[in-house]
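Observations on the three-dimensional arrangement
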Amino acid sequence: MARWCYRHRLVVLLLWVGALFGLGFAASTAGTDYANVFSLPNTDSKRAYDLMEKAFPNSAGDTDTVVWKVDEGTVRDKSVRSRIQPALDRIGKMKGVGEIAGPYSGKRGAAQISANGRIAYAQITFAEQANAVPKELVQDVVDTAQATERGGLQVELGGQAIQRVQEPPSGLAEMVGILAAAVVLFLAFGSLFAMLLPIGIAIFGVGTGLFSTQLLSHVTDVPDLAPLLATLIGLGVGIDYALFIVTRHRRGILRGMEPEESAVTALNTSGRAVLFAGGTVCIALAGMLVTNLRFLDGVVIGTSLTVVFSVLAAVTLLPALLGVLGTRVLSRRQRRKLAAGGPSRSSEAESGGGPEPERPSGAAARWSANVQRRPRTIAALALVVMAILAIPVLSLRLGATDQGNDDATTTTRKAYDLLAEGFGPGFNGPLQVVVSSGDTDALVKGIGDTAGVARAAALPPARGVTVIQVVPTTSPQSEKTDQLIDTLRDRVIPAAGARAHVGGVTAVSKDFATITGDRLPYFIATIIGLGFLLLLVAFRSLVVPLTAALMNLIAAAASFGVLTAIFQWGWGLELLGLGKEGPVNAFLPVIMLSLLFGLSMDYQVFLVSRMHEEWVHTKDNARAVRVGLAETSRVINSAALIMVCVFLAFVLSGDSGAAMAGVGLAAAVALDAFILRTALVPAAMHLLGTSNWWLPAGLEKRLPNLAVERREPVPGEAAPASAGATVVHGFVRDTEGTPVGGAVLTLLSKGGRRLDRVTSLADGSYIVSVPAPGTYLLSATARPYGARARHVIVTDEPLVHDVELAEGEVDAVS
């Protein structure tokens, strides 16, 4: 497939461009129909909502609030009323505004003025829900209301529709994330074209995924949160997957392969791992279905669809673009060095010109060697860091954020604070006790006498249903408000002998947090179990998947600890401009754990697959772990850094839920890649030794064979190694015993055909693949040491052969 896409690159490119613009045109024509509500079946708040919908079917529009405060006098003063009332009248006449309930008219108007007379509010009911109200109308309402401000008169507005118009421009977070990723990619590749490839793949994947999700919103319930999360995860995985493949492709070209063969090899190795990694992300996202929270189904659809399109773009569009670019995927310096090799690439590579041999960076090799030398120390330090970061999770409290958590400079936050100041902290989150039968008066009295209730009043009944508005003495996010809801449900309502249910936004948030907390263990068990089975089949080991499961739990605990410290304790909120502290959104653990599991599985697969390949060849665990870490840590860290940039950019989205998810996922990815996969996992694998690869013989026979990443062929290799394949490995040192890193070792057949070429690591270690037992020529060269060659006789067992190089030496073997 990769070869076909490479050779028919214009066709593939036109198909993708046509798909993107076609889906975009269809989506823009059809519009959006995202669901803005979620259902919590079999909860008390859902029963209250159903009764209210039956009794008051016409109260479907969004209700926002205009709040004003005077510094002197009262809001009843003629000078204040003459400015506010005409503005309210103009707003009431705007098309799309249903009605306005102000404090200067009506039976209940006086209740909308605070006890000290300095704060008042009016309620604006739009004809539609917040997401359907045109932004132009909302902006007109805001401008009209705030035009009445003068010295000593403050006017603020709050509500869902108002919140929409104060959000940053749409796409700002995505653009900042892409620009940050571009900087990281350019520093990693040193090539403009190579930098643009992963970004282009991510844009195609996210674009087609979002347009498809928008079209699906007309046939199934998709919450408005889904496209934001889909963009967040789509940009991250799209750039990362393309980065893995492009890195392998560039390495192939530098080793002397033709661009087409290099692209095909990259897709047949890293491309397989991308397919596997994308599948694990989708499986992790599908784990959300275990919670049985139906509104999350749309989130699963949107995010999974975007991941699928990102994977498809990486394995079809990317090889086509590689065909368009050819060697321009390399930097200019690399192209000049490659061109300097001339026709005899093999010989010149050994002397320092032409194609470069495959080798990890010096820093990566040195770090890998350090982990091998001090596994206990590094593992202990990593565990201490993760444990300290996880401490705040012990006080994690799930709930819901509201406009009281907005930034202090926003009009919604100011309106929220004014209402709390004038009418009490519980006014922003009143409870609704919906009564279907029983003595309503006795229930009102019982509620009013309950500790924690500021006031309770019954509204006029409708269709046999009475609603009692209950204003708590504490804020909607206070634990005492949650305790009040339990008291009303468990004691007050049964004592009055009434049939009633407690509803309202605060009660819904509490029920959602309770359900999420109850179902979270099943959800975690599901995704951890699926991950264990996938890694068991992929790496044919019991210890590797067990280690991965434990690391996922450690990463989750530490990332939620960071999230709790920032958003619940308020550490750094002002610095980040993220408003006021409060509980962690109840939906976040489910979504974050799904994404964290999928992404950490990506890194685990890319890291351990290289270790597993080395283990299969040498049966040397220490070498397998050292080589695997040295050769993959740089690309994993680059990929993680890109994800961190993309996720943190969503702090600019203006949506508190997206900002919380962005910070949480950025922390999770950073901790997972930079501490767990780079330090704790390899250190633990060194300590476990050969136990890493243990699998009972009976289970070995029953497991299917799954090649996550096919072995990359060596340039010039005629055929895959036979069943008798083995290796030669050892160390390259100078005459004083000092390790020689960066030495090029080449294995040649008797006829002079090159079979394998590798580069020694920082500790001098090397390994070359041998297709079958026999006699071969092994040459080693390194500046300034010169070259040395020796015949080696290889049996069906790995051969240990150390090489000693002397400065200026040239050793010829006929």
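See the structure shown above.
Anyway, here's the lowdown on the structure attached to this text. (Residues numbered from 1 in each chain as written. Predicted model: local features only at pLDDT ≥ 70, side-chain atom pairs only at ≥ 80, totals over all residues. Heavy atoms only, no water.)

What follows deals with the overall build of the protein. Secondary structure assignment for the protein yields 25 helices and 19 strands. When its C-alpha atoms are laid out on the principal axes, the protein stretches across 110 × 50 × 45 Å. Counting the 814 residues in the protein, one finds 55% classified as buried. Look at the contacts in the protein between residues 6 or more apart in sequence, and 76% of them connect residues 24 or more apart. (Helix = DSSP H or I, 4+ residues; strand = E, 2+ residues; numbered from the N terminus. Buried < 20%, exposed > 50% of the residue type's maximum accessible area, 1.4 Å probe, protein only. Contact = heavy atoms within 4.5 Å.)

Let's shift gears to the pattern of salt bridges. Inspection of every chain in the model, using the stated rule, returns 14 salt bridges. A salt bridge links Arg397 to Asp482; the nearest nitrogen and oxygen atoms lie 3.8 Å apart. Pair noted here: Arg397 is in the loop between helix H15 (375–390) and strand S5 (398–399) and Asp482 is in helix H18 (residues 479–496), with a separation of 85 residues, a long-range link. Residue Lys445 pairs with Asp449 through a salt bridge whose shortest N-O separation is 3.1 Å. For the pair shown, Lys445 and Asp449 are each scored as exposed. (Salt bridge = Lys/Arg side-chain N within 4 Å of Asp/Glu carboxyl O.)

Here we take up helix H23 (residues 621–649). The end-to-end C-alpha distance of H23, which contains 29 residues, comes to 40 Å, matching closely the 42 Å that a straight helix rising 1.5 Å per residue would cover. Most pronounced at Thr632, the bend in H23 amounts to some 45°. Burial runs high along H23: 22 of the 29 residues are buried. Here H23 starts with a cap whose side-chain oxygen sits 3.3 Å from the backbone nitrogen of Ala622, and that cap is Asp620. (Expected span 1.5 Å × (residues − 1). Bend = angle between axes of the 7 residues up to and from the residue. Polar contact = N/O pair within 3.5 Å; in protein donor to acceptor, adjacent residues only side chain to side chain.)

Let's shift gears to a nonpolar patch on the surface. On the surface, a nonpolar cluster with roughly 370 Å² of combined accessible area is contributed by Phe186, Leu192, Phe193 and Leu196. With three residues, the single largest contributor to the nonpolar patch is helix H8 (residues 192–216). Tracing the backbone through its elements, the reader meets Leu192 in helix H8. (Patch = residues over 30% accessible without salt bridge, like charges linked within 9 Å, V, L, I, M, F, W, Y side chains within 5 Å. Areas by Shrake-Rupley, 256 points an atom, 1.4 Å probe, with all protein chains shown as cover.)

Generally, phi is negative for residues other than glycine and the peptide bonds are trans, each holding for most cases. Despite not being glycine, Arg463 shows a phi value in the positive range, around 55°. Mapped onto the fold, Arg463 is located in the loop between strand S7 (453–458) and strand S8 (466–472). Note on Arg463: relative accessible area 60%, which makes it exposed.

Let us look at the side chain of Asn552. Within the secondary structure, Asn552 is located in helix H20 (residues 543–568). Under the relative-accessibility criterion, Asn552 is labelled buried at 8%. When neighbours within four sequence positions are excluded, Asn552 is seen to be in contact with Ile528, Leu596, Phe597, Ser600 and Arg677.

Here the focus is the sheet that holds strand S2 (residues 97–101). Pairing in this open sheet of four strands is antiparallel, and the strands run S2-S3-S1-S4 from one edge to the other. Because the sheet does not close on itself, it has two edges, and the strands there are S2 and strand S4 (153–158). Here the strands of the sheet are splayed against their neighbours by 20° on average, with no regard to which way each runs. Sheet topology note: the S2/strand S3 (residues 119–126) ladder contains four bridges and is antiparallel. Bridge pairing links Ala101 to Gln123 in S3. Of the strands in this sheet, strand S1 (63–70), S3 and S4 are in contact with helix H16 (residues 411–423), which crosses S4 at around 110°. (Pairing = 2+ DSSP bridges. Axes fitted to C-alpha atoms, helices over the stretch in contact; angles between N-to-C directions.)

Our focus in this paragraph is empty space enclosed by the protein. Under the criterion given, the structure shown has two cavities of 30 Å³ or more. Estimated volume of the second largest cavity: approximately 40 Å³. What lines the second largest cavity is simply Val66, Trp68, Ile84, Ala87, Leu88, Ala145, Thr148 and Val155. Among the elements of the structure, S1 and helix H4 (78–92) are those that each provide at least two residues to the lining of the second largest cavity. Take the lining of the second largest cavity: its biggest share by element is three residues, from H4. Its residues placed into classes, the lining of the second largest cavity shows seven nonpolar, one polar and no charged. (1 Å grid on protein atoms, 1.4 Å probe; cavity = no way out; pocket = protein on both sides within 12 Å on 5 of 7 lines; lining within 4 Å. Points joined across faces, edges and corners; volume = space filled by probe spheres on them. Nonpolar A, V, L, I, M, F, W, Y, C, P; charged D, E, K, R; others polar.)

A covalent bond between the sulfur atoms of two cysteines is referred to as a disulfide. The tally for this structure, following the rule as stated, stands at zero disulfides. No disulfide involves Cys5; its nearest neighbouring cysteine sulfur is the one of Cys282, lying 19 Å away. Assessed through its relative accessible area of 4%, Cys5 is described here as buried. (Disulfide = S-S within 2.5 Å.)

What follows covers the nonpolar core. Formed by 156 residues in total, the largest nonpolar core has its most connected members in Met288, Ile591, Tyr603 and Phe647. The biggest single contributor to this core is helix H24 (residues 656–688), with 20 residues. Leaving out residues up to four positions away in the same chain, Ile591 has contacts with Leu225, Leu229, Met288, Leu296 and Val299. (Core = buried A, V, L, I, M, F, W, Y, C linked by side-chain atoms within 4.5 Å.)

Quick look at the environment of Gly73 now. Tracing the sequence through the fold places Gly73 in the loop between S1 and H4. Looking at Gly73, the relative accessible area reads 38%, which means it is partly exposed. When the C-alpha positions of Gly73 and Val669 are compared, they lie 55 Å apart, and in sequence the two are 596 residues distant.

Okay, the packing of H18 against helix H19 (residues 505–539) next. Their axes nearest at 10 Å, the elements H18 and H19 cross at an angle of 95°. Classified by the interaxial angle, the pair formed by H18 and H19 is roughly perpendicular. Residue-level inspection shows Thr481, Asp482, Ile485, Asp486 and Arg489 of H18 in contact with H19, the latter providing Thr506, Ala507, Lys510 and Asp511. Residues belonging to the contact of H18 with H19 are distributed by class as follows: two nonpolar, two polar and five charged. (Parallel < 35°, antiparallel > 145°, perpendicular 65-115°, else oblique.)

Right, let's get into the packing of aromatic side chains. In this structure the tally under the stated criterion is seven aromatic pairs. Where Trp16 meets Phe204, the ring centres are 6.3 Å apart and the plane angle is 85°; that geometry is what we call edge-to-face. Here Trp16 is found in helix H2 (residues 9–30), whereas its partner Phe204 is found in helix H8, with 188 residues between them in sequence. Just as Trp16 is buried, Phe204 falls in that class too. Summarising the aromatic geometry, the rings of Trp68 and Tyr104 are spaced 6.1 Å apart at their centres and angled 40° between planes, so their arrangement reads as tilted. Taken together, the positions of Trp68 in strand S1 and Tyr104 in the loop between S2 and S3 put the pair 36 residues apart, joining distant regions of the chain. Here the aromatic residues Tyr121, Phe423 and Phe427 are joined through ring pairs into a cluster of three or more. Over the face of the ring belonging to Tyr6 we find Arg9, whose NZ or CZ atom lies 5.3 Å from the ring centre. It is Arg328 that lies over the ring of Phe193; its NZ or CZ is 5.5 Å from the centre. (Phe/Tyr/Trp six-rings, centres within 6.5 Å; stacked < 30°, edge-to-face > 60°. Lys NZ or Arg CZ within 6 Å of the ring centre and 35° of its normal.)

Pairing in this open sheet of four strands is antiparallel, and the strands run S7-S8-S6-S9 from one edge to the other. Two strands in the sheet have a free side with no partner beyond their single neighbour: S7 and strand S9 (499–503). The average undirected angle you get between the axes of adjacent strands in this sheet is 20°. Pairing between strand S6 (residues 431–437) and S8: five bridges, direction antiparallel. Its bridge partner being in S8, Leu431 is matched across the sheet by Val470.

Of all six residues making up S4, five are buried, and the element is well covered by its neighbours. Here six bridges tie S1 to S4, and the two strands are oriented antiparallel to one another. Residue pairing in the sheet places Thr65 in a bridge with Gly158 of S4.

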